[in-house]
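Structural features, examined
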Amino acid sequence: MNLTEPSFDENEIIALRECLDSKWVTQGPMTERFEKLIADKHGVKHAIACTSCTAALHLAALALQLGPGDEVIVPAFTWVTSAHSAEYVGAKPVFVDVDLSTFNIDPAALRAAITPRTRAIVAVHLFGLAAPMDEINAIAKAHGIAVIEDAACAIGTTYKNQLVGGLGDIGCFSFHPRKVVTTGEGGAVTTNRDGLAAMVRSQRNHGASGAPDPSLEEPGPWTMAKFDNLGYNLRLSDIQAAVGVAQMAKLEKLLAERRRLGLRYSELLSEVNSIARPLGGDVAGHTYQSYVIRMLEGGRKRRNDLMKVLAKEQIQTRPGTHAVHRLGYYASKYGTRPEQFPNAARAEDTTITLPIFPGMTDDDQMKVVRIVRSVG
C-alpha cells in the first residue's frame with residue numbers, strides 16, 4: 001500500500017491535449033488559468049505559479065527584500081526548505097520549538113525569539129493543519145515584521161473558516177505528488193499586496209520588469225522587456241499547469257475524501273492509548289495532506305519497530321518530517337544542538353505518517369489500523 005497516490009483520470013489527458021494542440025507549452029495561457037483557479041479558491045488578489053514551493057519560498061524572501069543581517073523565525077519541525085529560503089538570500093533562520101499537539105509553531109517560543117533583527121516569520125501549516133495565525137499575526141504586527149505562510153501542505157486548509165494563503169503577507173504552496181493537488185513538481189505564491197506580486201512576477205521571469213518607456217522609442221516587434229532586477233527562471237510550464245487545471249476541478253472532492261479518511265483514522269485509533277492522534281489546533285480546517293500519529297511510549301525504537309511491521313505488510317510509512325536544527329548543514333553552521341528544541345526532536349523521532357490517498361478503501365484503512373492497534 002502506497003503512502004499516498006495522486007488522483008489522475010481522463011480530465012488530465014484532455015487538458016494536456018488542449019495544451020499540446022495549442023503549441024504553447026511554456027508559461028502562458030494555461031498557467032494563467034491555473035493561477036486564477038488558485039487565487040479564486042483562496043480569496044487572494046494574486047497567485048503566481050512557479051516551479052516548486054521551494055521556489056515560492058525563495059521568491060517570497062526576495063520580494064520581502066530579506067538579506068544579510070536579517071533574522072527569519074522558522075519552526076524547528078518542518079521540511080528543510082522552510083529554513084533554506086532564508087539561507088538563499090543570506091538571512092539567518094532562527095529556529096523555535098513547536099507545539100506537540102499540532103506540530104506547528106509554539107506562539108510562546110516565537111514571542112521569545114523576536115529580536116531587533118527579526119524581519120519575518122515563516123508560519124508553516126504542517127500536514128494540512130493551519131498554524132495559530134491569530135497569535136502569529138499579533139506578534140508580527142506588534143514588531144512590524146512580515147509573515148510568510150508556508151502552505152506547502154495546505155491547499156484548501158482553513159483557519160477559523162478563513163482559507164490560508166492570504167492570512168499573512170505572502171503565501172507559498174506546493175504541487176508535489178504527495179500534495180492534495182499535484183502538477184508533478186510545481187508551486188505558487190499568493191498575496192494581496194500588489195507590490196509583492198509585481199516583484200515575484202519579475203523575479204520568477206529572469207528579473208523582467210515591464211516594457212521600456214514608449215516616449216523613448218515607439219513600441220514595435222523590436223521592443224524587449226526591461227531587466228531592472230536580478231531574477232531567475234522559476235516559471236511553471238503550461239504542460240504542468242494543464243494538469244493543475246484538471247486537478248483543481250476535483251479539489252473539493254479530494255479534500256472531502258481526505259477529511260473523511262482522516263477523521264475515520266482518528267475514530268478507529270481512539271482506543272490506542274500509546275499514540276497521540278492529530279487532534280490539536282483548528283481540526284475543523286485540517287485537510288489531512290498527511291495523517292501523522294506520534295508514539296507516546298518507547299521513543300524512536302518503538303516507532304521504528306511499528307514502521308518495520310507495517311513495511312513487512314507492504315504498507316509504506318515515513319516519519320512526519322525533519323527536526324531541521326539537527327540536520328548537518330544547520331548544526332554545522334549555527335552550532336544547534338539536538339536537545340535545543342526538544343519538541344521538534346521528539347516529533348522527528350516518534351512520528352509516523354500513515355497512508356492516506358484518494359481511492360483508499362475502508363479495507364485498506366482497516367488493515368493499517370489493525371496493525372497499529374496490535375503493535376502500537
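Reference entry: report on the structure contained in this document. (Residues numbered from 1 in each chain as written. Predicted model: local features only at pLDDT ≥ 70, side-chain atom pairs only at ≥ 80, totals over all residues. Heavy atoms only, no water.)

1. Side note on the overall build of the protein chain
Using the following cut-off: Numbered from the N terminus, helices here are DSSP runs of H or I no shorter than four residues, and strands are runs of E no shorter than two. Computation of the radius of gyration draws on C-alpha atoms alone. For the globule rule, the value is 2.2 Å times the number of residues to the power 0.38. The classification of residues rests on relative accessible area computed with a 1.4 Å probe and restricted to protein chains. Under 20% of the type maximum is buried, over 50% is exposed, and intermediate values are partly exposed. Should any heavy atoms of two residues lie within 4.5 Å, those residues are considered in contact. Method for areas: the Shrake-Rupley scheme with a 1.4 Å probe, in which residue coverage is limited to the protein chains shown. By the counting scheme adopted, Arg and Lys are positive, Glu and Asp are negative, and His together with the chain ends is not counted. A single reference atom marks each charge: NZ on Lys, CZ on Arg, CG on Asp, CD on Glu.
When helices and strands are tallied, the protein chain shows 13 helices and 12 strands. In terms of overall dimensions, the protein chain is globule-like: its C-alpha atoms have a radius of gyration of 21 Å, near the 21 Å expected for 376 residues. Counting only C-alpha atoms, the protein chain reaches 75 × 55 × 35 Å along its principal axes. Within the protein chain, the proportion of its 376 residues that are buried is 55%. Residue pairs in contact within the protein chain that sit at least 24 positions apart in sequence constitute 71% of those at least 6 positions apart. Accessible area for the protein chain stands at about 15900 Å²; split by element, carbon and sulfur atoms hold 53% of it. For the protein chain, the separation between the mean place of its 41 positive charges and that of its 41 negative charges on side chains is 5 Å.

2. Brief notes about the pairing of strand β4 (residues 118-124)
Rules: Whether two strands pair comes down to DSSP finding at least two bridges between them. Handedness of a crossover: with both strands directed away from the viewer, a clockwise path from the first strand across the helix to the second marks it as right-handed.
Among the seven residues of β4, six are classified as buried, and the element is accordingly described as predominantly covered. Relative to β4, strand β2 (residues 71-75) is paired through three bridges, and the arrangement is parallel. Note on β4: the bridge partner recorded for Glu 71 is Thr 118. Where β4 and strand β5 (residues 146-151) come together, five bridges link them in parallel fashion. In the sheet register, Ala 123 faces β5, and the bridge partner there is Glu 149. Remark: the β4/helix α6 (residues 133-143)/β5 crossover connection has right-handed handedness.

3. Topic: the nonpolar core
Most often, soluble globular proteins keep nonpolar side chains buried together rather than apart. Note the cut-off: What makes a nonpolar core is a set of buried Ala, Val, Leu, Ile, Met, Phe, Trp, Tyr and Cys residues whose side-chain atoms join them at distances within 4.5 Å.
Ranked by internal contacts, the top residues of the largest apolar core, which has 48 residues, are Leu 66, Val 72, Phe 77, Phe 95, Phe 103, Ile 148 and Ile 170. At nine residues, the largest contribution of residues to this core is made by helix α3 (residues 53-63). For Phe 103, the contacting residues outside a window of four places in its chain are Phe 77, Val 98, Leu 126, Phe 127, Val 292, Arg 294, Ala 347 and Thr 351. With 46 residues, the next largest nonpolar core counts Ala 130, Ala 246, Leu 251 and Leu 254 among its residues.

4. Section: the packing of helix α10 (residues 299-312) against helix α13 (residues 362-375)
Defined as follows: In this description, a line fitted to the C-alpha atoms serves as the axis of each element, helices being fitted only across the stretch in contact, and the angle between N-to-C directions of two axes falls anywhere from 0 to 180 degrees. Should an angle fall under 35 degrees it is called roughly parallel, over 145 degrees roughly antiparallel, and 65 to 115 degrees roughly perpendicular, with every other angle called oblique. When the near helix sits turned anticlockwise from the far one by under a right angle, the crossing is termed left-handed; a clockwise turn instead gives a right-handed crossing. The classification used treats Ala, Val, Leu, Ile, Met, Phe, Trp, Tyr, Cys and Pro as nonpolar, Asp, Glu, Lys and Arg as charged, and all other residues, Gly among them, as polar.
It is the contact of α10 with α13, at a shortest axis distance of 10 Å, that shows an interaxial angle of 140°. One finds that α10 runs oblique with respect to α13. The handedness of the crossing between α10 and α13 is right-handed. For the pair formed by α10 and α13, the contact residues are Arg 302, Leu 306, Val 309 and Leu 310 on the first element and Val 368, Ile 371, Val 372 and Val 375 on the second. Here the residues of the contact of α10 with α13 sort into seven nonpolar, no polar and one charged.

5. What to know about the sheet that holds strand β8 (residues 170-174)
Taken together, the seven strands give an open sheet; going across it, the order is β1-β9-β8-β5-β4-β2-β3, and neighbouring strands pair in mixed fashion. Each edge of the sheet is formed by a strand with only one pairing partner; in this case those strands are β1 (46-50) and β3 (92-96). Across this sheet, the average inter-strand angle for adjacent strands is 25°, counted without regard to direction. Here α3 sits on the sheet and contacts β1, β5, β8 and β9 (187-191); the angle it forms with β8, its principal contact strand, is near 165°.

6. Let's talk about the sheet that holds strand β11 (residues 291-295)
Hydrogen bonds between backbone groups are what pair the strands of a sheet, and the pairing can be parallel or antiparallel. Taken together, the three strands give an open sheet; going across it, the order is β10-β11-β12, and neighbouring strands pair in antiparallel fashion. The sheet is open, and its two edges are formed by β10 (275-276) and β12 (351-354), each paired on a single side. With four bridges joining them, β11 and β12 adopt antiparallel strand pairing. The residue of β12 that forms the bridge with Arg 294 is Thr 351.

7. Thoughts on the side chain of Arg 178
Operational definition: A pairing counts as a salt bridge when a side-chain nitrogen of Lys or Arg comes within 4 Å of a carboxyl oxygen of Asp or Glu. Counting of polar contacts relies on pairs of N or O atoms within 3.5 Å, with two restrictions inside protein: one atom must be capable of donating a hydrogen and the other of accepting it, and residues adjacent in sequence are counted only when both atoms are side-chain atoms.
Structurally, Arg 178 is set in the loop between β8 and β9. This buried residue, Arg 178, is left without a salt bridge; Glu 185 holds the nearest opposite charge, at 12 Å. Only 3.0 Å separates the side chain of Arg 178 from the side chain of Ser 290, close enough to count as a polar contact.

8. Topic: the side chain of Ser 237
If you trace the backbone, Ser 237 turns up in the loop between α7 (194-204) and α8 (238-249). Of the polar contacts made by the side chain of Ser 237, one reaches the backbone nitrogen of Gln 240; its length is 3.1 Å. Once you skip the residues sitting within four places of it in the chain, Ser 237 turns out to touch Val 25, Thr 26, Gln 27 and Thr 31.

9. Examining the environment of Leu 310
By the secondary structure assignment, Leu 310 is in helix α10. For Leu 310, a relative accessible area of 0% translates into the label buried. The residues touching Leu 310, leaving out its near neighbours within four places in the chain, are Ile 315, Thr 317, Leu 354, Val 368 and Ile 371.

10. Considerations on α13
We apply this condition: Residue count minus one, scaled by 1.5 Å, sets the expected span of a helix.
With 14 residues, α13 ought to run about 20 Å at 1.5 Å a step, and its terminal C-alpha atoms sit 20 Å apart, in line with that. Every buried residue of α13 is listed here: Gln 365, Met 366, Val 368, Val 369, Ile 371 and Val 372. Buried-residue contacts for α13 involve α9 (251-268), β10, β11, α10 and β12.

11. Side note on the packing of α3 against helix α4 (residues 81-88)
Put simply, α3 and α4 touch, their axes get as near as 9 Å, and they point 40° apart. Comparing the axis directions of α3 and α4 gives the class oblique. The way α3 lies across α4 gives a crossing that is right-handed. On the side of α3, the interface is formed by Thr 54, Leu 57, His 58 and Ala 61, while α4 contributes Thr 81, Ser 82, Ser 85 and Tyr 88. Class assignment for the residues of the contact of α3 with α4 results in three nonpolar, five polar and no charged.

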